[in-house]
Every structure is written in structure tokens, then in C-alpha cells.
Amino acid sequence: MEAPIRARDTLALALFSLLFFICRSSPLNNLLISNAERRIDLSSHIVKAYLTLKVENAGSTPASEILLAFPLAQAGHLATVEALASKGKRKKTTLVRLEVKPTELPDAPNDAIYFTIYLANPLNSGESTTFEVLYMLTRSLEPFPAEIGQSESQLVIYRDSALILSPYHIKQQTTFIKTPSPKVESFTRVEPTNRAGTEIKYGPYEDRPPYSVSPILVHFENNSPFAVVEELVREVEISHWGNLQVTEKYTLVHAGARHKGVFSRVDYQSRPSSTGVSSFRYLLARLPPRVHSVYYRDEIGNISSSHLRADSRKSELEIEPRYPLLGGWKATFVIGYGLPLQDFLFESTDDRRYLNFTFGCPLLETVVDKLTIKVVLPEGSKDPSAVVPFPVEQHLETKYSYLDVVGRTVVVLEKKNVVPMHNSHFQVYYIFKPIFMLAEPLMLASAFFLFFVACVAYLHIDLSIRK
Amino acid sequence: MAPPGKPITSPVPDAWYPTLAVVLLAIGLVVTASFFIYEATSSKRNRSIAKELVTGAVASVFLGFGSLFLLLSAGVYV
């Protein structure tokens, strides 16, 4: 009969298409993590986590992409995610950086964000590979109590999960949490849990399904300086006559537990080990070598409490704000310095010039909420473009400076949530014809010539009324 | 890392800036002096405008470059 045959055909077609879609929609079911070890370092206010994953390909097709998941609560605080794979034999292993990109997964549970790691060589069926992931979280330590007096110690809460969030099945996993001091008020126990001194061990946990979580909370003492720069504007002015002038405007805040009550200067200075333990007085900035004309001032005027120590590889500027910073206190200041041009400006092979400079804040162990770098190119520069190793927002502006007629092009790069890991080099390319350097002295010469022409005109014009 | 390239320096060595500033300004002021001496000592009929303008142009070129190197040696990198 026709009708049953047609019904059987459509049923077969539906079954095949269903199987086809099932096989296509889950590339992640081929892989399985045989061993995962996570070490979370809570010693400073930037949370650093090192994840070592051993991934096995249990499917039949080779895989070259691995998915990494993070809970949605950490999404806004994730500053960097890096993946490293070791290459080579036992004695000569080198670390190779793998590309990591954020991805969207529409058909997965939506309380997580995802990153894809692209492997250098595809992982064949039955093989396994080990690689490390390093990620940093900012603003993840919540001060609890939120307000403390001058003589109290700072206690913070760190929330995470004892089980590593992953779209793959994990056979065995362990998490180690390292606190800065042995003083831990409380921590969630998810058996088996062990605590020894400054390290808390969660695990090993066997055979957990994908997307399994077990929320934990660690309440511990952290008196490391919570130095956060709310806004940093760095301006780098290039002058082809041999100098790079850098001006940095900081808005610094202590992002730990807020200070409540009075501030007694006598107590603070006489008993430094028991009062103001979470405050900080000194900040260290690492500047390039051969720096000159360094100044440190704010709106009132020059701040003289600073020291500059220079050697052949780096210069260190130790600054002390006008007052020590306790929880919630702010300080704004400007640091400026000059650098020799030949260390930073180069000529590339296709006749373009480029500036090679470091992104990021020179202050050590600080988080910057919003960083803006402005590179001011000399007058007469064309075709500016910036090459930065991580995503930033770019746009162009114009600035009028010394002896300018048409204005200088400014390349503005902005980034949010910057940690010291971002102190890598970036390049700004532009085209400049050296003949334009003559524009400045010729402008000065023509101003003087105008004066001489005025003299000649005055001496030749007859202004007498009577003949 | 950054691609390799040749470092770019100023067309005039840094160490010469103060010397060049003083020398060029001195020559410029001498030529300016000769311009004003010519104006003062010649009478209206003998003046030749070509000589005045040429002296003025030479003086302004030397004074222009001299003031540029003066600004550079003082730390105002224009």
C-alpha cells in the first residue's frame, strides 16, 4: 500500500535527521578530563588561579578545541585567561601559549560563560594532553565585616565552588586554596577537606558529571594592600627631536574594608604592628631604564616624599602619598617622566615608524578599573594604527600642543579591569615624512621675518602730516 | 614581542643642542645688529630694499633655528 510505505519513509527520514542533529550538536561529548588540579592563590587582592588539566579524547574524531567554563558570578571580574601547553621532551620543555577566545554556547545552561582553547596540534582519538590555564579575578574578595576600626585586622570572604565547573565529565579533581596567613575564620567543608597551615585542600573528588558545582565560602584574614586605581590616564607624547614625555594621572583608592571611627595618628605611628595593619603607605612604580625629569605632584603642588632608584635595566620609583590610605580613602596624583626616543621608536621594514611601549600601570600589584592610554603622534603623521595583544577600544582625537597649526593626532586605547599581567608591549604604527620636521623651525623663522618686514615697512612709510 | 626595527633618533645629536642654540642665536643677533646699523646709517635715498630684506631673511633664519634649539635644550621638546 502507498500510505504505510510513505509513512515508513517519513519516519526513517525523521529518525536519520534526528540522529544527524544529535551527532552534530555535541562536539564536547567526545572529550573527558581525566585529572584536574586547581590551585587558587588568595595572598593578594588579585585572585590568581592555576588550573592543570589532563584531557583525553574518548571519541572517534580528532579534537582541536577545548571549552572552558566559568560561573556567571565571575564573568565581570575575570581579568585575564591564558592557556599554556608544554612542548618537548623531559629536560627541554618549553611553554607554548595557546589561543583563548570567549565563545557563546546557545544550547548550554546559561549560568556560565565559556572560552575556547585552540590546541596547537589536534588531539587524536584515544590520546591525552596536559595543559595549564592561568586566570585572574579582580574585586572577588569581599571584606566582611565591611567596616573596621583602626586597630582591627581585615577579614575577607572568597566564594567559589569546590568542584571545577566544566562542560566535560571530570574523572578526578582536587582544589588547593592558599591563604596569606594561617588565620582562617571559617571555611565550608565538602568532604574530603583538609586544612594545613595556609593551605586548604578540597578533594580528590572522583567521577563528577559535567556542570556540577558545590558552592564554598572561605572567610580569612588578608592584610595585603588593596590598592586599586579607579582611573588612570597615561599620555605618551612623541617628539621626533629625541624625547618621549609620559604623563600619568591616577585616582587611587583603598578597596578593602572601609575605615570607621576616628583616625588616631598617635596610635598609628606608635604601634604600627597592631593599628592600621591593612593600610598602606608606600607604592612602588617600575619605570623603564634611562628615565629623566621625573615629577610627582598633585593639585596642591609637588609631593616630595618619593625616591627614585635607577639601574641599567629598570628604574624604581617609590612614592608615598601625603597620608596613609585606610579603607575607602582616596588619593589623586600625577606622575610624569621623560624617556629617550631611541629606546621606543623604531622604523619597520615597510617604511612605517612604530612606537613600542608597555600597556598597563607601572604600579606593582594594583588593579586598574579603567585604563586610558593616549599616544600623541607628532604633527604631520598619517595613517595611525595600533596593534595590541588583547582586546581594547580604540579611537582618534586631536590635541594642540607646542608650535601646532593643524593639531596632533592622538590614538586613544581604553581597557577596563587591568591587572599587572597586562604589562606587555603594544605597537602604534604611523607614516611620517622626515621633511615635516622642518615645519617647526621654519615657523619660528617666519615669525622673526615678519618682525623684520614690519621694521622695513615702518622705516619706509612716510607718516608726516606736513611736507 | 615587537617586530625588529631600527631605532629612530633625532637628526641632530642631543649633546649638540645647547652649543647649537648659543652659536646660532649669536650669529642671528650679529646679523640683526648689522640690519639695524644699515637702517640707522643710510639715508632715505641710498637705502636699497633688496639688501634690507635679504639681511632680514638671513637674520630670521638664524634666529628661528637658534630659538628652536634653545627650546629643545631647555627641555621643551616641541
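My aim in this report is to walk through the structure given alongside it, one point at a time.

Conventions used here
- Residues numbered from 1 in each chain as written.
- Chains lettered and ligands numbered in written order.
- Predicted model: local features only at pLDDT ≥ 70, side-chain atom pairs only at ≥ 80, totals over all residues.
- Heavy atoms only, no water.
- Pairing = 2+ DSSP bridges.
- Helix = DSSP H or I, 4+ residues; strand = E, 2+ residues; numbered from the N terminus.
- Axes fitted to C-alpha atoms, helices over the stretch in contact; angles between N-to-C directions.
- Contact = heavy atoms within 4.5 Å.
- Polar contact = N/O pair within 3.5 Å; in protein donor to acceptor, adjacent residues only side chain to side chain.
- Patch = residues over 30% accessible without salt bridge, like charges linked within 9 Å, V, L, I, M, F, W, Y side chains within 5 Å.
- Areas by Shrake-Rupley, 256 points an atom, 1.4 Å probe, with all protein chains shown as cover.
- Salt bridge = Lys/Arg side-chain N within 4 Å of Asp/Glu carboxyl O.
- Core = buried A, V, L, I, M, F, W, Y, C linked by side-chain atoms within 4.5 Å.
- Buried < 20%, exposed > 50% of the residue type's maximum accessible area, 1.4 Å probe, protein only.
- Buried area = accessible area lost by both parts, 1.4 Å probe.
- Expected span 1.5 Å × (residues − 1).

Comments concerning the sheet that holds strand S22 (residues 315–319) of chain A
All names here are of chain A. Overall, antiparallel pairing links the three strands, which are arranged S19-S22-S21 in an open sheet. Both outer strands of the open sheet, strand S19 (283–287) and strand S21 (306–310), are each paired with one neighbouring strand and no more. Along the sheet, successive strands turn relative to each other by an average axial angle of 15°, direction set aside. Where S19 meets S22, five bridges bridge the pair, whose relative direction is antiparallel. Each bridged residue has a counterpart across the sheet, and for alanine 285 the counterpart in S22 is leucine 317.

Describing the environment of serine 224 of chain A
All names here are of chain A. Position of serine 224 relative to the elements: it lies in the loop between strand S15 (215–221) and strand S16 (227–239). Between the C-alpha atom of serine 224 and that of serine 279, which follows or precedes it by 55 residues, the distance is 8.3 Å. Beyond its immediate sequence surroundings of up to four residues, serine 224 is in contact with Ser43, Ser44, His45 and Gln154. Engagement of the side chain of serine 224 in a polar contact is seen with the side chain of asparagine 222, the distance being 2.8 Å.

So, a nonpolar patch on the surface
On the surface, a nonpolar cluster with roughly 370 Å² of combined accessible area is contributed by Ile435, Phe436, Leu438 and Leu442 of chain A. Structurally, phenylalanine 436 of chain A is set in the loop between strand S30 (425–431) and helix H3 (439–460).

Thoughts on the nonpolar core
All names here are of chain A. Ranked by internal contacts, the top residues of the largest apolar core, which has 60 residues, are Ile238, Trp241, Leu244, Leu355, Phe357, Val375 and Phe426. Ignoring anything within four residues of it in the chain, the contact list for phenylalanine 426 reads Leu355, Asn356, Phe357, Thr358, Phe359, Ile373, Val375, Val387, Val388, Pro389 and Leu413. Among the nonpolar cores identified, the runner-up in size contains 53 residues, and Ala36, Phe115, Tyr168 and Ile170 belong to it.

Some words on the sheet that holds strand S24 (residues 345–347) of chain A
Note: strands within a sheet are paired through backbone hydrogen bonds, in either parallel or antiparallel orientation. One open sheet holds the five strands; their spatial order is S27(A)-S30(A)-S25(A)-S24(A)-S1(B), and the pairing between them is antiparallel. The open sheet has two free edges, formed respectively by strand S27 (382–387) of chain A together with strand S1 (6–7) of chain B, since each of these has just one partner strand. Relative to S30 of chain A, strand S25 (residues 353–358) of chain A runs antiparallel, the two being bridged by six bridges. Among the inter-strand pairings, leucine 355 of chain A is bridged to a residue of S30 of chain A, identified as valine 428 of chain A.

So, the interface of chain A and chain B
Buried accessible area, meaning the area lost when the parts come together, often serves as the stated size of an interface. Residue-level contacts link 34 residues of chain A with 37 residues of chain B. A buried area of about 3,100 Å², summed over both sides, lies between chain A and chain B, and 73% of it is on carbon and sulfur atoms. Where chain A meets chain B, there are zero salt bridges. Inspection of the chain A/chain B interface yields six residue pairs in polar contact (both at pLDDT 80 or more).

Re helix H2 (residues 49–73) of chain B
Two residues of an α-helix separated by three or four positions point the same way, owing to the 3.6 residues in each turn. Residue and element names in this part refer to chain B. Spanning 25 residues, H2 covers 36 Å between terminal C-alpha atoms, matching the ideal 36 Å at 1.5 Å per step. All of the buried residues along H2 are Glu52, Thr55, Gly56, Ala59, Ser60, Leu63, Gly64, Gly66, Ser67, Leu68, Phe69 and Leu72. Immediately beyond the C-terminal end of H2, within one or two residues, lies glycine 75, with a positive phi of roughly 100°.

Focus: unusual backbone geometry
All names here are of chain A. Residue phenylalanine 144 is joined to proline 145 through a cis peptide bond whose omega torsion reads 15°. Here aspartate 351, not a glycine, exhibits a phi torsion of approximately 65°, which is positive. Note on placement: aspartate 351 falls in the loop between S24 and S25. You will see that aspartate 383, though not glycine, has its phi angle at about 55°, which is positive. Structurally, aspartate 383 is set in strand S27. Classification of aspartate 383 as exposed rests on a relative accessible area of 53%.

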